[in-house]
Amino acid sequence: QEEKIFAGKVLRLHVCTMEGAEWLEEVPEDTTVEKLKERCLKHCVPGSLEDPKTVTHHKLIHATSEKVLTDTKTVLEENIQDRDVLLLVKKRAPALLPKMADVVAEEKRKQEQKAPDKDAILKATANLPARSVDRSVSHHNMRDFQTELRKILVSLIEVAQKLLALNPDAVELFKKANAMLDEDEEDRVDEIALRQLTEMGFPESRAVKALRLNHMSVTQAMEWLIEHADDPAVDAPLPGQAPAEAPAEGAASSAEAAAGPSSEESGEEAKDELTEIFKKIRRKREFRPDPRAVIALMEMGFDEKEVVDALRVNNNQQNAACEWLLGDRKPSPEDLDKGIDTNSPLFQAILENPVVQLGLTNPKTLLAFEDMLENPLNSTQWMNDPETGPVMLQISRIFQTLNRT
């Protein structure tokens, strides 16, 4: 009677085997897992206890948690509850140790497949003619191409400005082209960047606003979203084009004033207005260094002005900017504002191309050139544009053709 009074709680456990057998086992909660396993084996494997290895070759698994039960622990310690399901499984036989002959054969096979060392390569190629390829030349040529293309754009911008200044409708054309460009930029959103931010849990409208404010940079947009998470005006729409419309109205009034009797005054006013428009475009395309890259490079010991110059020369690419700072620092920031020699065969060939000549009379081409100067990564966008794409294609073809000769 004392044993019944002080006995532990009896649990009813449902036991299954891989062969499909199943039954109920009633055990006190202080029973060890090893004892429970012996009872299960006695139930499903006749004569199993005659071989002591049979117990060690099996294991009990808790079906819900998929945990292998430890033999030395009790049912209570393993946190097994009433009506839990246990699975009796036979352990896999340990892998047999490989024979010595097999080990030797495997090592021999690996040695045969091993790549040749430097001496073997020199011996095999001793009779081949020597050819030296300077990999730095190709990198230097690519850098020269980027520098030369920038010089071409600088000179073409000057030519386009002069041509457009001769057009009596230049001011109106620029207002339309600039408005069209602003509308395209406002509607264009990088879908991949937007998806990355929305997958982080940011609302789509807020993510779009952050990307537009940070030039489609996911990292900077994410930082902006975190900084302005508690800002009550975070979901307010971006400012409209009111500031941009003010000069347009001024331009219209200037155009009306230009309709006065004095043609010289009209020409001077239009010229001044175009100059202001060109300056405005320049300010709009002003280079903005990546703040994270600036901090990272300044932590290396470089001066802030040097870092900004390096990022401007290398299009905000941190690794390239670091190489520029550690190298010969060519091209210099001053070189970015220099144009190509207007008497060079390359520039003359570009100007003589009919497609380029027609494109230079289009204000959108000038806007494209300005954009590519400060944002070279936008070149693909302008190459795909139906108005500016043919011009860029002709410039690229002429440059490549003259470089081959």
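Each value, and the rule that gives it
- Residues numbered from 1 in each chain as written.
- Predicted model: local features only at pLDDT ≥ 70, side-chain atom pairs only at ≥ 80, totals over all residues.
- Heavy atoms only, no water.
- UniProt positions renumbered as here; feature names shortened; annotations may be inferred.
- Pairing = 2+ DSSP bridges.
- Helix = DSSP H or I, 4+ residues; strand = E, 2+ residues; numbered from the N terminus.
- Buried < 20%, exposed > 50% of the residue type's maximum accessible area, 1.4 Å probe, protein only.
- Contact = heavy atoms within 4.5 Å.

- Going by what an unreviewed UniProt entry lists, the protein is known as Ubiquitin-associated domain-containing protein 1 and is assigned to Toxostoma redivivum.
- UniProt, in its Subcellular location (unreviewed entry) section for the protein, records the words "Cytoplasm".
- Quoted verbatim from the Pathway (unreviewed entry) heading of the UniProt record, the comment on the protein is "Protein modification; protein ubiquitination."

1. Structural notes on the pairing of strand 1 (residues 10–17)
Inference 1: Summarising the sheet, strand 1 and strand 2 (residues 22–28) pair through 7 bridges and their orientation is antiparallel. Paired with V15 across the two strands is W23, which belongs to strand 2.
Inference 2: Connecting strand 1 to the antiparallel partner strand 2 that follows it, the hairpin turn spans 4 residues, and G20 within it adopts a positive phi of roughly 105 degrees.
Inference 3: Note that strand 1 and strand 5 (residues 85–90) share 4 bridges and pair parallel. Opposite V15, over in strand 5, you have L86 as the bridge partner.

2. Describing the side chain of K37
Inference 1: Note on placement: K37 falls in helix 2 (residues 33–44).
Inference 2: The buried category is assigned to K37, whose relative accessible area is 1%.
Inference 3: Look past the residues within four positions of K37 in its chain and what remains in contact with it is V55, H58, K59, L60, D71 and L88.

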